[in-house]
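Observations on the three-dimensional arrangement
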Amino acid sequence: MQITRIKAENFRNLESVEIFPDKRLNIITGKNAQGKTNLLEAIWLFTGCRSFRGSKEKDNIKLGCEFSNAEIDVNSQNRVNKFSYKVKKGAIKEKKVKINGVEITKNSQLFERFMCIIFTPEDLELSKGSPDKRRNFLDLGISQIKPKYIGAINRYSKILAQRNSMLKNHYDNSSYDFEIWDTQLCKLGAYISLMRLAYVKRLQIFCEELYKKISGGESLKISLNSCILNNTSSTDEKEIYELYYKKMQEHLEEDKRLGFTTFGIHRDDLITKINGLNSRDFGSQGQNRSIALCMKIAQALIFSKECGETPVVLLDDVFSELDSTRRKFILNIVEDMQIFITGCDANDILKYKSGKIFYVENGSYKALK
Ligand SMILES: Nc1ncnc2c1ncn2[C@@H]1O[C@H](COP(=O)(O)OP(=O)(O)O)[C@@H](O)[C@H]1O
Ligand SMILES: [Mg+2]
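Quick caveat, the model's predicted, so the values are computed rather than measured.

What counts and what doesn't
Residues numbered from 1 in each chain as written. Chains lettered and ligands numbered in written order. Predicted model: local features only at pLDDT ≥ 70, side-chain atom pairs only at ≥ 80, totals over all residues. Heavy atoms only, no water. Helix = DSSP H or I, 4+ residues; strand = E, 2+ residues; numbered from the N terminus. Expected span 1.5 Å × (residues − 1). Buried < 20%, exposed > 50% of the residue type's maximum accessible area, 1.4 Å probe, protein only. Arc of directions from axis to C-beta. Pairing = 2+ DSSP bridges. Contact = heavy atoms within 4.5 Å. Axes fitted to C-alpha atoms, helices over the stretch in contact; angles between N-to-C directions. Domains from an automatic or database assignment. Buried area = accessible area lost by both parts, 1.4 Å probe. Polar contact = N/O pair within 3.5 Å; in protein donor to acceptor, adjacent residues only side chain to side chain. Nonpolar A, V, L, I, M, F, W, Y, C, P; charged D, E, K, R; others polar. 1 Å grid on protein atoms, 1.4 Å probe; cavity = no way out; pocket = protein on both sides within 12 Å on 5 of 7 lines; lining within 4 Å. Points joined across faces, edges and corners; volume = space filled by probe spheres on them.

**Thoughts on helix α3 (residues 148–168)**
Residue pairs spaced three or four apart in an α-helix point in one direction, given the helix's 3.6 residues per turn. In a regular helix each residue adds 1.5 Å, so 21 residues correspond to 30 Å; α3 covers 31 Å between its end C-alpha atoms and thus fits that length. Along α3, the residues that are buried comprise Y149, A152, I153, Y156, I159, L160, R163, M166 and L167. Looking straight down α3, one finds its buried side chains confined to an arc of 150°; they lie on one side. Of the exposed residues in α3, those oriented more than 90 degrees away from the buried face are K158 and K168.

**A few points about the pairing of strand β6 (residues 94–99)**
Sheet analysis places strand β5 (residues 79–88) next to β6, joined by six bridges and oriented antiparallel. Opposite V87, over in β6, you have K95 as the bridge partner. Taking the residues that link successive antiparallel strands as the turn, the β6-strand β7 (residues 102–104) hairpin has two residues, and the phi of N100 there is positive, at about 50°.

**A closer look at the sheet that holds strand β11 (residues 277–278)**
Taken in spatial order, the three strands make up an open sheet running β9-β10-β11, and their pairing is antiparallel. One side of each edge strand has no neighbouring strand; the edge strands of this open sheet are β9 (220–225) and β11. Sheet analysis places strand β10 (residues 269–274) next to β11, joined by two bridges and oriented antiparallel. Its bridge partner being in β11, I274 is matched across the sheet by L277. Against the sheet, helix α7 (residues 285–307) touches β9 and β10, its axis set at about 120° to β10.

**A few points about the domain arrangement of the protein**
By domain assignment, the protein separates into domain 1 (1–115 + 309–369) and domain 2 (124–307). The C-alpha centroid of domain 2 is placed 29 Å from the C-alpha centroid of domain 1. Contact residues are listed per partner, giving 17 residues for domain 1 and 20 residues for domain 2. When domain 1 packs against domain 2, close to 1700 Å² is buried across both sides, 76% of that on carbon and sulfur atoms. Interface area lost by domain 1 to domain 2 is led by F111, R326 and F329, which between them contribute 33%. Applying the counting rule to domain 1 against domain 2 returns five residue pairs in polar contact (both at pLDDT 80 or more). Per-element accounting of the side of domain 1 that touches domain 2 gives the leading share, four residues, to helix α8 (residues 324–333). By residue class, the composition of the side of domain 1 that touches domain 2 is 11 nonpolar, two polar and four charged.

**Points about empty space enclosed by the protein**
According to the stated counting rule, one finds one cavity of 30 Å³ or more in the structure shown. Taken as a whole, the largest cavity encloses approximately 70 Å³ of empty space. In this structure, the largest cavity is lined by I117, F119, K296, I297, A300, V313, L315, I330 and V334. Listing elements by their share of the lining of the largest cavity, those giving two or more residues are β8 (116–119), α7 and β12 (312–316).

Laid out in structure tokens, this is it:
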């Protein structure tokens, strides 16, 4: 999958940009705060996922403007699909997302149509950082290949928040019937656990091989630390649901006392071990960064395999933070994917590969090569 054209109008500081990227390597250079990441954000819109910066959609509209418009043309299996994303300001926010001129109603419809992986400096902390980062990583990876999954995650979060607010506000807990909430939570929890397990198994296979290469022979094992699957070898969804429900009931008194839900998939995590030792406790910063790198690359590879299409790879400001071995490693692995790289020395990369360079200044893009 390759982007053949990008257009951004009043998108953050990009007033009127149109570029025609290289089908392999694109380097975006320029001083700080000129609009490099903004362009990646315009591309990321079309994944249908939340902003990787955690910002809101209305923040994308250029200050003082009434609307923002982003467009990309994507070549996939020798067909060009045209995507557009327009947001209007106003009392009622108006948004129109179209694929080949046809409006779509749900962002998740974009998941299957446009595939993209992003790598930011924050992702380098994926292995060592807090568990919610790893859960998000898993959930995003799974959603991209199974769009239905995101619905389950959203419903789970919503019900969990409601349940927690009941517990926290000390409603008359003794008389309140938790059954309706818990039945739903457990059904979703059982489904999500199994989806995560299946994904982690695939991740493990890719990561082990990648890590062996990047480290010169060390063994990496990745497994799911699951609230429920740690207690059973069953993979039958109904059985897991029943066990899940039983566990929820066992924790109910504690939940009431503490005022939040102590058991559930919202506490799952990944365990990463190098040569048998837990990397979070024993790994060096370099080892943990390599794990993060392998996890993200594995995500792209799983994606490619599942969809028969290579995703577009965005590397935002991450290159300068890596040593030359890891840089080469990335460039080799993602060789057949289209890449956009910001925040790096263009000449350094062009030693390994040919591609286009774009220079950005105050929101204006110029193709240099
Ligand atoms: N909605 C907006 N309207 C106008 N300018 C914006 C908006 N959002 C962000 N910016 C500007 O975009 C610039 C940052 O762009 P960014 O792409 O993050 O920079 P970098 O080139 O360092 O990656 C800042 O100058 C910021 O003020
Ligand atoms: Mg930036």
